[in-house]
Amino acid sequence: MLNVALPKGRLGEKVYKMLERAGYSCKDVLSDSRKLIFTDEQNGVSYFWVKPSDVAIYVERGVADIGVAGKDILAESGADIYELLDLGIGKCKMAVASVNGYREDISRPLRVATKFPRIAAAYYGGKNREIDIIKLYGSIELAPILGLSDVIVDIVETGTTLKENNMSVIADIFPISARLIANKACYKFKGEEIDAAVERLKKELPV
Ligand code: PRP
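If you're wondering where the values come from, they're calculated on a predicted model, not measured in any experiment. (Residues numbered from 1 in each chain as written. Predicted model: local features only at pLDDT ≥ 70, side-chain atom pairs only at ≥ 80, totals over all residues. Heavy atoms only, no water.)

Attention shifts here to the packing of aromatic side chains. Applying the stated rule across the entire model yields 3 aromatic pairs. Taken together, a centroid distance of 5.3 Å and an interplanar angle of 85 degrees make the contact between Tyr16 and Tyr47 edge-to-face. Here Tyr16, found in helix α1 (residues 10–21), pairs with Tyr47, found in strand β3 (residues 45–50); they are 31 residues apart in sequence, far enough to count as distant. Residue Tyr16 is classed as buried on the basis of its relative accessible area, which comes to 2%. (Phe/Tyr/Trp six-rings, centres within 6.5 Å; stacked < 30°, edge-to-face > 60°. Helix = DSSP H or I, 4+ residues; strand = E, 2+ residues; numbered from the N terminus. Buried < 20%, exposed > 50% of the residue type's maximum accessible area, 1.4 Å probe, protein only.)

Laid out in structure tokens, this is it:
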């Protein structure tokens, strides 16, 4: 039996459809219910719907053998897991952005608003730039507009949010996509089963 943590939401639904095509279908997973766990004995698979930012924890702790999480969540969580496959969906990027015309004052620490403090610290640490991290939980773009921060470190997908708020990207940090991840110990015990799933999924990747 493979235990799979799926990220709740649109990305998770796409991922489930890939898994279904790969032979891991499970009745009612996409039904409009509040149920969280679905098992299909015949296909040897059990799915849990997990908050996207929690997938890495479920997998790291071995409650799920495998799971799917965005590169942003993996980088921020620092979870000790195996990254097995880039699923090529959920593509966007991590970037630094600010209001149009922003000029950095290098004489003082840079105020960075973000949902991703670890990623921001690593990025600016690599540049030896002192920063003051302002941890927020959403609508990050508001921070530089209202003067709470100088810049943001955030996800940019279509760029619409930035554009509609007279902001733009200053620097790209890294590209993001959904990754298939595995628990390290589970991979030892169920290596064959997990490798088979990876091979089947490879055939379902977008071209
Ligand atoms: C994310 C991100 C940006 C936006 C980028 O926010 O934090 O705000 O999407 O997408 P775009 O480039 O296509 O406009 P999300 O929608 O997850 O909501 P949040 O602001 O509450 O975090």
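This next bit is on the sheet that holds strand β9 (residues 151–156). The 5 strands are arranged β8-β7-β9-β6-β10 in an open sheet whose pairing can be described as mixed. The sheet terminates laterally at β8 (131–135) and β10 (167–176), the two strands that pair on one side only. The average undirected angle you get between the axes of adjacent strands in this sheet is 30 degrees. Here strand β6 (residues 92–99) pairs with β10 via 8 bridges, running antiparallel. Counted as the bridge partner of Cys92 is Ile176 from β10. (Pairing = 2+ DSSP bridges. Axes fitted to C-alpha atoms, helices over the stretch in contact; angles between N-to-C directions.)

With that settled, the discussion passes to the pairing of β6. Put simply, side chains in a regular strand alternate between the two faces of the sheet. The element β6 is largely enclosed, with a buried count of 6 among its 8 residues. The sheet contact formed by β6 and β9 spans 5 bridges and is antiparallel. Within β9, the residue paired with Val96 across the bridge is Val153.

Everything listed here is a matter of coordinates, which is why it stays silent on function.
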